[in-house]
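Single-letter residue listing:
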Amino acid sequence: MKTYDIAVIAGDGIGPEVMAEAVKVLQTVAELDGGLCFRFTHYPWGCDYYLKTGQMMPENGLELLSGHDAILLGAVGTPGVPDHISLRELLLRIRHDFDEYINLRPVKLLRGASCPLKDVAPENVDMVFIRENSEGEYSGQGAWLYPGTDREVVIQDGVFSRKGCERVIRYAYELARRESKSLTSVSKANALNYSMVFWDQIFAEIGREYPDVETRSLLVDAAAMFMVKEPQRFQIVVTSNLFGDILTDLGAAIAGGMGLAAGANLNPERRFPSMFEPIHGSAPDIAGQGAANPLAAIWSASQLLDFLGHEDWGARVLAAIEALLERGACLPPDQGGSASTAECGDALCALLRGDM
Ligand code: NAD
Ligand code: IPM
Ligand code: MN
């Protein structure tokens with residue numbers, strides 16, 4: 001029996017609601033497989049924990065997490081707790097300190113998911129974003145000088161290291177080569193005259209080692225436009241931390257909505273656990289109503305299965321999500337249905353079992 005120790009940080013808002021379904025799906029996979037077992041350890045960290053203790057996670061939080069094979073995260077953020085504290089001290093801290101420098105986000109329109117674009121077939125929206133996930137615009141470095149005076153100045157630094165750029169760009173080239181897909185780099189060297197000029201230079205340098213990979217470079221503004229006008233242009237995309245954040249919400253919008261968008265935060269060397277999460281937030285506007293779509297969280301569980309070497313199960317879970325969408329029954333409100341979060345998760349498990 002192969003046993004995996006999974007840390008679960010359900011977090012805030014709809015986080016616990018969607019997480020319950022992701023865990024349910026992994027338990028169903030384990031049951032059906034027979035040779036697989038997941039041991040879940042739930043950590044009650046997040047904004048409630050912060051309001052009680054003044055910290056988003058305990059002092060030894062990272063040490064506790066480091067003993068696990070992987071981390072599942074729901075969502076973080078509650079009105080009343082400043083986002084720059086809650087997110088920086090939990091989610092971004094884990095991504096950074098565990099060197100999860102690859103943020104892999106599929107933007108794939110499944111059959112049955114609603115696409116707001118006109119005349120777009122599902123196969124035209126099939127991209128994988130590789131977002132730099134450890135530095136760049138998210139370095140957290142800067143200064144706030146003379147606060148509250150008329151000399152007030154804030155500085156937010158972007159940090160682009162050679163190592164940081166090379167490793168994420170190389171990862172993207174490798175993926176493009178392995179899957180025989182084109183690779184698009186998204187940057188903004190016309191305005192960001194240090195960071196993005198450097199990024200483009202490294203993209204070209206590494207590209208010389210991959211003459212077999214077809215490449216393109218786009219400015220981020222044009223990339224946003226083409227994602228809407230001609231999404232079929234994109235296959236593998238590599239970009240910086242902030243651009244990747246913004247473009248993958250746009251990607252979510254063209255691929256069925258936030259309720260269907262998943263992401264993996266990977267430490268490819270496996271020195272630290274990787275973390276799997278829906279890309280949406282805590283959705284305070286619908287929290288506590290059982291109305292959240294759990295499919296993004298479930299898709300991230302399928303990415304976890306892939307990363308642990310169970311690609312067969314990862315693919316089966318993704319196929320079950322697509323089958324559920326195609327049937328159009330047991331879907332939550334964001335997909336035009338009236339099922340609750342739990343009913344949707346139950347239906348997915350029934351599909352996996354072949355009971356539906
Ligand atoms: P959000 O993603 O929480 O919500 C945006 C919109 O999408 C809302 O209308 C919401 O109802 C809808 N939505 C999101 N997920 C959904 C789901 N699974 N099913 C149905 N509808 C869904 O973004 P926001 O409102 O900008 O942020 C809310 C809070 O979440 C903030 O505190 C923000 O900082 C935080 N946040 C956290 C994460 C994370 O933990 N990974 C990601 C993004 C935002
Ligand atoms: C995401 C989120 C986070 C990010 C926030 C909550 C810090 O928007 O995972 O996309 O910007 O990376
Ligand atoms: Mn985001």
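Predicted, not measured: the structure shown is a model, and the values here were computed from it.

Participant: Teacher, can you tell me more about the packing of aromatic side chains here?
Facilitator: When we look at a pair of aromatic rings, we describe it by the centre distance and by the angle of the planes. All chains considered together, the criterion is met by 7 aromatic pairs. Grouping aromatic residues by their ring pairs yields a cluster made of Tyr4, Phe38 and Phe40. Here the basic side chain of Arg233 rests over the ring of Phe226, its NZ or CZ set 3.4 Å away from the ring centre. For Arg270, the ring lying beneath its charged end belongs to Phe307, and the centroid distance is 3.7 Å.

Participant: Explain the site of ligand 2 to me, please; I cannot follow it from the model alone.
Facilitator: In the vicinity of ligand 2, the contacting residues are Leu87, Arg95, Arg105, Arg131, Tyr138 and Asp245. Tyr138 is positioned such that a nitrogen or oxygen atom in its side chain is 2.6 Å from an oxygen atom of ligand 2. At a separation of 2.8 Å, an oxygen atom of ligand 2 approaches a polar side-chain atom of Asp245. Protein chains shield 77% of the accessible area of ligand 2, which is 320 Å² for the free molecule. Its residues assigned to classes, the shell around ligand 2 shows 2 nonpolar, no polar and 4 charged.

Participant: Sorry, what's going on with unusual backbone geometry here?
Facilitator: As a rule of thumb, non-glycine residues mostly have phi less than zero, and peptide bonds are mostly trans rather than cis. If you check the backbone angles, Arg270 has positive phi at about 60° while not being a glycine. Take Arg270: it is sitting in the loop between strand S11 (262-266) and strand S12 (274-278). One non-glycine residue with positive phi stands out, namely Cys330, at about 60°. With respect to the helices, strands and loops of the structure, Cys330 is situated in the loop between helix H10 (311-327) and helix H11 (341-353). Cys330 gets classed as partly exposed once you look at its relative accessible area, which sits at 35%.

Participant: It is not clear to me how the site of ligand 1 should be interpreted in this structure. Could you clarify?
Facilitator: Around ligand 1 sit 21 residues, and of these Val76, Asp83, Gly281, Ala283 and Asp285 come closest. Ser282 is positioned such that a nitrogen or oxygen atom in its backbone is 3.1 Å from an oxygen atom of ligand 1. Contacts to ligand 1 include Ala283, whose backbone N or O atom sits 2.8 Å from an oxygen atom. In isolation ligand 1 offers 800 Å² of accessible surface; the protein chains occlude 70% of this area. For the shell around ligand 1, the element with the highest residue contribution is helix H4 (residues 83-97), accounting for 3 residues. Looking at the shell around ligand 1 residue by residue, the classes come out as 11 nonpolar, 6 polar and 4 charged.

Participant: Any chance you could explain the sheet that holds strand S5 (residues 126-132) here in plain terms?
Facilitator: What holds strands together in a sheet is hydrogen bonding between their backbones, with the strands either parallel or antiparallel. In space, the 10 strands of this open sheet follow the order S2-S1-S3-S12-S11-S4-S5-S10-S8-S9, with mixed pairing throughout. One side of each edge strand has no neighbouring strand; the edge strands of this open sheet are strand S2 (36-42) and strand S9 (215-219). Neighbour-to-neighbour, the strand axes of this sheet turn through a mean angle of 25°, independent of strand direction. Across 5 bridges, strand S8 (residues 183-187) lies against S9 in parallel orientation. When the sheet's bridge partners are listed, Ser187 is paired in S9 with Leu219. Sheet contacts for helix H5 (residues 162-179): strand S4 (102-108), S5, S8, S9, strand S10 (236-239) and S11; angle to S5, the most-contacted strand, approximately 160°.

Participant: It is not clear to me how the packing of helix H7 (residues 220-229) against helix H8 (residues 241-254) should be interpreted in this structure. Could you clarify?
Facilitator: For any two helices packed against each other, the geometry is given by the interaxial angle and the distance between the axes. Following both chains from N to C, one finds H7 and H8 inclined at 10°, their axes separated by 10 Å at the closest point. In terms of orientation, H7 lies roughly parallel with respect to H8. Only Phe243, Leu247, Leu250, Gly251 and Ile254 of H8 make contact with H7, whose side of the interface consists of Val220, Ala223, Ala224, Met227 and Val228.

Participant: What is the right way to look at a nonpolar patch on the surface in this model?
Facilitator: There is a patch of nonpolar side chains on the surface, built from Leu145, Tyr146, Val153 and Ile155 and spanning about 300 Å² of accessible area. Following the sequence through the fold, Ile155 ends up in strand S7 (residues 153-159). For Ile155, a relative accessible area of 39% puts it in the partly exposed group.

Participant: It is not clear to me how the nonpolar core should be interpreted in this structure. Could you clarify?
Facilitator: Phe38, Ile130, Leu295 and Ile321 are the most contacted members of the largest nonpolar core, which has 90 residues in total. For Ile321, the contacting residues outside a window of four places in its chain are Leu110, Leu295, Ile298, Trp299 and Leu348. Within the second largest apolar cluster, 22 residues are counted, among which are Ile9, Cys47, Tyr50 and Val76.

Participant: Would you mind showing me how to read the pairing of S2 here?
Facilitator: Strand direction decides the pairing type here: strand S1 (residues 2-11) and S2, joined by 7 bridges, are parallel. Opposite Ile6, over in S2, you have Phe40 as the bridge partner. Handedness of the crossover joining S1 and S2 through helix H1 (residues 15-33): right-handed.

Participant: Where do I start with the packing of H1 against helix H9 (residues 295-307) in this structure?
Facilitator: At a minimum axis separation of 8 Å, H1 and H9 run at an interaxial angle of 40°. Comparing their axes, H9 and H1 come out oblique. The way H1 lies across H9 gives a crossing that is right-handed. Between H1 and H9, the residues in contact are Val18, Glu21, Ala22, Val25, Leu26 and Val29 and Ala297, Ile298, Ala301, Leu304 and Leu305, respectively. Looking at the contact of H1 with H9 residue by residue, the class counts come to 10 nonpolar, no polar and 1 charged.

Participant: Looking at this structure, I do not really get the pairing of strand S3 (residues 70-75). What am I missing?
Facilitator: The two faces of a sheet get side chains in turn, since along a regular strand they alternate between them. Extensive coverage of S3 is indicated by the burial of 6 of its 6 residues. For S1 and S3, the ladder comprises 5 bridges, and the chain directions are parallel. Its bridge partner lying in S3, Ile6 is registered against Ala70. Here 3 bridges tie S3 to S12, and the two strands are oriented parallel to one another.

The rules behind each value
- Residues numbered from 1 in each chain as written.
- Chains lettered and ligands numbered in written order.
- Predicted model: local features only at pLDDT ≥ 70, side-chain atom pairs only at ≥ 80, totals over all residues.
- Heavy atoms only, no water.
- Phe/Tyr/Trp six-rings, centres within 6.5 Å; stacked < 30°, edge-to-face > 60°.
- Lys NZ or Arg CZ within 6 Å of the ring centre and 35° of its normal.
- Near = heavy atom within 4 Å.
- Polar contact = N/O pair within 3.5 Å; in protein donor to acceptor, adjacent residues only side chain to side chain.
- Areas by Shrake-Rupley, 256 points an atom, 1.4 Å probe, with all protein chains shown as cover.
- Nonpolar A, V, L, I, M, F, W, Y, C, P; charged D, E, K, R; others polar.
- Helix = DSSP H or I, 4+ residues; strand = E, 2+ residues; numbered from the N terminus.
- Buried < 20%, exposed > 50% of the residue type's maximum accessible area, 1.4 Å probe, protein only.
- Pairing = 2+ DSSP bridges.
- Axes fitted to C-alpha atoms, helices over the stretch in contact; angles between N-to-C directions.
- Contact = heavy atoms within 4.5 Å.
- Parallel < 35°, antiparallel > 145°, perpendicular 65-115°, else oblique.
- Patch = residues over 30% accessible without salt bridge, like charges linked within 9 Å, V, L, I, M, F, W, Y side chains within 5 Å.
- Salt bridge = Lys/Arg side-chain N within 4 Å of Asp/Glu carboxyl O.
- Core = buried A, V, L, I, M, F, W, Y, C linked by side-chain atoms within 4.5 Å.
- Right-handed = clockwise from strand over helix to strand, strands pointing away.
- Left-handed = near helix turned anticlockwise from the far one by under 90°.

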